[in-house]
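# Structure assessment
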Amino acid sequence: MDHLELIAPCHFGLEAVLKREIKDLGYDIVQVEDGRVTFSGDTASIARANLFLRTAERILLKIGSFKAQTFDDLFEGTRKLPWENYIPKDGKFWVKKASTAKSKLYSGPDIQSIVKKAMVERLKEKYHVSWFSETGTDYPVRVFILKDQVTISLDTSGTPLHKRGYRKLVSEAPIRETLAAALLMLTPWNKDRILVDPFCGSGTFLIEAAMMGKNIAPGINRSFEAENWNFLPKKTWYEAADEAADLVCEDVEMDLQGYDKNPQMLKIARENARDAEVDDLIHFQQREVKNLSHSKPYGFIIANPPYGERLEDKKTLPELYGQMREAFDRLDTWSKYVITSYEDAEKYLGKATKKRKVYNGMIRGEYLQYLGPKPPRRKPR
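These remarks concern the structure in this document. Since the model is a prediction, treat every value here as computed from it, not as a measurement.

### As for the overall build of the chain
The helix and strand inventory of the chain stands at 11 helices and 14 strands. Computed over the C-alpha atoms, the radius of gyration of the chain is 23 Å, within 12% of the 21 Å expected from 2.2 N^0.38 for a compact globule of 381 residues. Dimensions of the chain, computed from C-alpha atoms along their principal axes, come out at roughly 75 × 45 × 40 Å. Looking at the chain as a whole, 52% of its 381 residues qualify as buried.

Below, the structure is given as structure tokens:
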């Protein structure tokens, strides 16, 4: 299987970041749509994409695509796909999720049921059996229908890729690891620059930054659904894991600082950093945003402050965002990046240099970017 199409879903509005990551891995882009990037690859690309992509939510192996306006169309289109090339006689297969948009078929449960029946009919015919034990490896299926165009795929990741394995404990409103990585990639920050998170919570921004600095692949300490699929050679997974291990840079030095007023959250952040094997690179300290300061110029702030989802929190937001503005003004050579859904954020922080719409889970927000001056070039020795 040298010519495969893989689909990588991502956060809406961050497709360009994922596209750049995929191209950097060496794969050709087939299509970019809202919330997903399709690219071409081979069997090895399944393992490498799962291990190395920081901003993808999962990696789907595209089985086929066809038009369907009726359930008969859906059944026949699914039955024509070569399921026997992927699912063995004892494989356990089911439609894990069906989602639709702007299509005549819109009932998720009905779509799931019909696709499963069509798969059974196809495999019964190919394997010459009347029923399936489904006692073997899992093969979860996903169906996506947009404007009556059906795309059916196998989920190679299983557990979503934002679950790196290091974050066993989280704050009340945690930011997904994939989103944190994407927002960092939208800045000019690199491992040689200071990075401060004044609302660090469980430490996600700083841990993702440290993993980037050490070149630790985000999937290095977890497993994936497709590792046991019989049509994917085991050696592709071993080779991808060896590649990831060889790329880790142990002797890197970074200035990463995380502040939070809640000592319990700082304890959680330290444990998460330890599990990610980057605790030596991050300094966590109890401090409120009004006391934010730094002696060095030209640093970066990245923040996920409270949004005010709860009514009692909303009353405190003007004061909090006012304190942020005062702290930002003191650090006048720094660049600041804030993700928030607080509608009056710019009223208190000032008009952003740039901004873009993003989603943190189901919460729609904005990524406000306050770009500071570029540091002067170092004089050659």
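Resuming the write-up.
### Section: the packing of aromatic side chains
Taken as a whole and assessed by the stated rule, the structure comprises 11 aromatic pairs. Pairing Tyr-27 with Phe-39 gives two aromatic rings, centres 5.9 Å apart and planes at 35°, and the pair type is tilted. In this pair, Tyr-27 sits in the loop between helix 1 (15–25) and strand 2 (29–33) while Phe-39 sits in strand 3 (residues 36–41), placing the two residues 12 residues apart along the sequence. Overall, the relative accessible area of 1% leaves Phe-39 in the buried class. Grouping aromatic residues by their ring pairs yields a cluster made of Tyr-86, Tyr-139, Trp-229 and Phe-231. Residue placement shows Lys-116 over the ring face of Phe-93; its charged tip is 4.0 Å from the ring centre.

### A look at the pattern of salt bridges
A side chain with one charge can pair with a side chain of the opposite charge if their charged atoms come near. The tally for this structure, following the rule as stated, stands at 16 salt bridges. In this structure, the salt-bridge partner of Glu-134 is Lys-116, at a minimum N-O distance of 2.9 Å. Taken together, the positions of Glu-134 in the loop between helix 4 (108–127) and strand 6 (138–146) and Lys-116 in helix 4 put the pair 18 residues apart, joining distant regions of the chain. On the basis of relative accessible area, Lys-116 is assigned to the partly exposed category, the value being 22%. In this structure, Glu-346 and Lys-355 form a salt bridge, with 2.7 Å as the shortest nitrogen-oxygen distance. Each of Arg-58, Arg-142 and Asp-155 takes part in salt bridges that share partners, so that together they form one network.

### Examining the pairing of strand 12 (residues 335–340)
For strand 12, a buried count of six out of six residues is recorded, marking the element as mostly surrounded by other parts of the structure. In strand 12, alternate side chains face the same way, and those of Ser-335, Tyr-337 and Ile-339 on one face and Lys-336, Val-338 and Thr-340 on the other are all buried. As defined by bridge partners, strand 11 (residues 300–303) adjoins strand 12 across four bridges and the pair is classed as parallel. For Ile-302, the partnering residue across the bridge sits in strand 12 and is Tyr-337.

### Overview of the environment of Leu-232
Mapped onto the fold, Leu-232 is located in the loop between helix 6 (204–214) and helix 7 (234–247). As for Leu-232 and Ile-301, which are separated by 69 residues in sequence, their C-alpha atoms are 43 Å apart. Look past the residues within four positions of Leu-232 in its chain and what remains in contact with it is Thr-43, Ile-46, Ala-226 and Trp-237.

### With respect to the sheet that holds strand 12
Spatially, 10-9-8-11-12-14-13 is the arrangement adopted by the seven strands of the open sheet, whose pairing is mixed. Sheet topology places strand 10 (282–286) and strand 13 (354–360) at the edges, where each strand pairs with a single neighbour. Ignoring strand direction, the axes of neighbouring strands in this sheet form an average angle of 20°. Relative to strand 9 (residues 256–260), strand 8 (residues 195–197) runs parallel, the two being bridged by three bridges. Within the sheet, the bridge partner assigned to Asp-197 lies in strand 9 and is Gly-258. Contacting strand 9 and strand 10, helix 8 (residues 263–275) runs over the sheet at an angle of about 170° to strand 10.

### Here's the deal with the side chain of Ser-103
Position of Ser-103 relative to the elements: it lies in the loop between strand 5 (92–101) and helix 4. A polar contact is formed between the side chain of Ser-103 and the backbone oxygen of Ala-101, at a distance of 3.0 Å. Side-chain polar atoms of Ser-103 contact the backbone nitrogen of Asp-148, separated by 2.9 Å. Other than its neighbours up to four places away in sequence, Ser-103 contacts Ile-145, Leu-146, Lys-147 and Asp-148.

### As for helix 6
By the criterion of burial, helix 6 is predominantly enclosed, with 11 of the 11 residues buried. When helix 6 is considered as a whole, its buried residues turn out to be Thr-204, Phe-205, Leu-206, Ile-207, Glu-208, Ala-209, Ala-210, Met-211, Met-212, Gly-213 and Lys-214. Within two residues after helix 6, Asn-215 carries a phi angle of roughly 60°, on the positive side.

Scoring rules and cut-offs
- Residues numbered from 1 in each chain as written.
- Predicted model: local features only at pLDDT ≥ 70, side-chain atom pairs only at ≥ 80, totals over all residues.
- Heavy atoms only, no water.
- Helix = DSSP H or I, 4+ residues; strand = E, 2+ residues; numbered from the N terminus.
- Rg over C-alpha atoms; globule rule 2.2 N^0.38 Å.
- Buried < 20%, exposed > 50% of the residue type's maximum accessible area, 1.4 Å probe, protein only.
- Phe/Tyr/Trp six-rings, centres within 6.5 Å; stacked < 30°, edge-to-face > 60°.
- Lys NZ or Arg CZ within 6 Å of the ring centre and 35° of its normal.
- Salt bridge = Lys/Arg side-chain N within 4 Å of Asp/Glu carboxyl O.
- Pairing = 2+ DSSP bridges.
- Contact = heavy atoms within 4.5 Å.
- Axes fitted to C-alpha atoms, helices over the stretch in contact; angles between N-to-C directions.
- Polar contact = N/O pair within 3.5 Å; in protein donor to acceptor, adjacent residues only side chain to side chain.

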